[in-house]
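# Coordinate inspection notes
Below are the chains, spelled out letter by letter.
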Amino acid sequence: MANNSIIRTDVDTLIDTQVSSEIFEGVIKESKVMSMFRKLPNMTSDKTKLKVLDALPIAYFVDESKNNGRKNLTKMAWDNVYLTAEELAVIVPIKENLLNDTNIDLWAEIKPRIVEAFSKKIDAAVLFGTDAPTSWGAGVVPTIIAKSKEITETGNLYVDIDKTMSAVEDSGYNVTGLLGGVNLKSKFRMMTDTTGQPLANTEIGSLPRNFVDNGSWDKTKSTLIAGDFNQAVYAIRQDVTYKVLDQAVIQDPSTGDILYNLAQEDMVALRVTMRLGYAIPNPVNSLDETETRYPFANLKPSSTVSL
């Protein structure tokens, strides 16, 4: 390296066990998916099998006048849903002269950017299928569309939310929360019930609301998502780990263009990774055993309704 005063241990001190934990906790807080979904125990392998109820038992009245009162047979069927751990990585290039500048709290500058990058990528992949690994499926909103659980805005947000919640309830699930973009906040501030009164004493008004502010929300595809967020699960295969790069070439993953030549530009790079998997098991229930059931529904924007 051009500056011999920079050694690997200088960069190693950027992340220790405590700091790794801070990154992970920050991602959970900043990612609305991870903060609202149910966390399972850490994965012990790359793939975890979840047993999901696929057929319900049936109860019978016993008729003593038929078949000597013999009880009918019943059964429960189980299907397999897999939680597959996928690796997520972010690379932070750092100028060597910054490492030598003791007046800069470099970690204070880097950590928020790592957390933001991870949370944005996770939420976009899970909610909209953006750059999602194949094992993670199409994403929540595309799956909602495929299962015909999408409602179009009419301009009356109170009525629209009620219809969106009804689409979830028709599948046998109870709505536990609402999720939307930051632009939805203004609509909630102005929203009233069917009598023109504030939402204070209504079911919709009492529901937890979360607003995605990490840049992953696509307001052209969704005004809000209503759902039973307990039905969506995630698990960590590997906590945050890191690797210091000092001779690598950093390329744009989309185009292959060289962004940084670390050795040539007197730079090092911090590569931070984590591995996690998510799934929406969607078991059958007493109200809906069809393949179109789903614990989420989407309120999509209308071209005639201002976002």
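As a convention, each chain's residues are numbered from 1 in the sequence order in which they are written. Side-chain atom pairs in this predicted model are given and counted only at pLDDT of 80 or more, local residue features only at pLDDT of at least 70, and totals for whole chains, interfaces and linings cover all residues. Neither water nor hydrogens contribute to the side-chain values; these are computed over all heavy atoms in the structure.

## Description of the sheet that holds strand β12 (residues 267–279)
Using the following cut-off: In short, DSSP must find at least two bridges between two strands for them to pair. Each helix is a run of H or I in the DSSP string that is no shorter than four residues. Each strand is a run of E no shorter than two, and both are numbered from the N terminus. Any two residues whose heavy atoms approach within 4.5 Å are treated as being in contact. Only C-alpha atoms enter the line fits that serve as axes; for helices the fit covers just the stretch in contact. Angles between N-to-C directions range over 0 to 180 degrees.
The four strands are arranged β1-β9-β12-β4 in an open sheet whose pairing can be described as mixed. Each edge of the sheet is formed by a strand with only one pairing partner; in this case those strands are β1 (38–39) and β4 (86–95). Sheet analysis places β1 next to strand β9 (residues 233–245), joined by two bridges and oriented parallel. If you follow K39 over to β9, its bridge partner there is Y234. Against the sheet, helix α5 (residues 106–128) touches β4 and β12, its axis set at about 150° to β4.

## Quick notes on the pattern of salt bridges
Our working rule: Criterion for a salt bridge: a side-chain nitrogen of Lys or Arg within 4 Å of a carboxyl oxygen of Asp or Glu. With a 1.4 Å probe rolled over the protein chains alone, any residue whose accessible area is under 20% of its type maximum counts as buried; one over 50% counts as exposed, and the rest are partly exposed.
Summed over all chains, the structure comprises eight salt bridges. With its nearest N and O atoms 3.6 Å apart, the salt bridge here joins R113 to E116. With R113 and E116 both in helix α5 and three residues apart, the pair spans about one turn of that helix. By relative accessible area, E116 is classed as partly exposed at 38%. Here K187 and E153 are joined by a salt bridge, their closest N and O atoms 3.1 Å apart.

## Things to note about the confidence of the model for the protein chain
The test is simple: The score called pLDDT rates the predictor's confidence residue by residue, from a low of 0 to a high of 100.
Of all residues in the protein chain, 81% have pLDDT values of 70 or greater, and the mean over the chain is 82. Note that pLDDT drops below 50 for residues 1–8; the model gives that stretch 17 contacts with residues more than four away or on any other chain.

## Quick word on the packing of aromatic side chains
The description of two aromatic rings rests on the distance between their centres and on the angle between their planes. This is how the line gets drawn: Between rings of Phe, Tyr and Trp, where Trp is taken as its six-membered ring, a pair exists when centres lie within 6.5 Å; planes separated by under 30 degrees are stacked, by over 60 edge-to-face, and by other angles tilted. Charges are assigned to positions over rings by a cutoff of 6 Å between ring centre and Lys NZ or Arg CZ, combined with an angular limit of 35 degrees from the ring normal.
Counted under the stated rule, the structure contains eight aromatic pairs. Among the aromatic residues, those joined into a ring-pair cluster are F37, W136, F229, Y278, Y294 and F296. Across the ring face of Y82, the terminal group of K47 is positioned such that the distance to the ring centre comes to 5.3 Å.

## Points about the side chain of K149
Where we set the bar: Positive charges come from Lys and Arg, negative ones from Asp and Glu, while His and the chain ends are left out of the count. Polar contacts here mean pairs of N or O atoms no more than 3.5 Å apart (in protein, one a potential hydrogen donor and the other a potential acceptor; neighbouring residues in sequence count only if both atoms are side-chain atoms).
Along the chain, K149 turns up in the loop between α6 (140–146) and β5 (150–152). Despite its burial, K149 pairs with no opposite charge; the closest candidate is D288, at 4.7 Å N-O. A polar atom in the side chain of K149 sits 3.0 Å from the side chain of S171. Ignoring anything within four residues of it in the chain, the contact list for K149 reads I144, A167, D170, S171, T292, Y294, F296, A297 and N298.

## Quick notes on the side chain of D160
Inspection of the secondary structure assignment puts D160 in helix α7 (residues 157–169). Within the buried core, D160 has no salt-bridge partner, and the shortest N-O distance to an opposite charge, that of K163, equals 5.2 Å. Ignoring anything within four residues of it in the chain, the contact list for D160 reads T152, E153, T154, G155 and L299.

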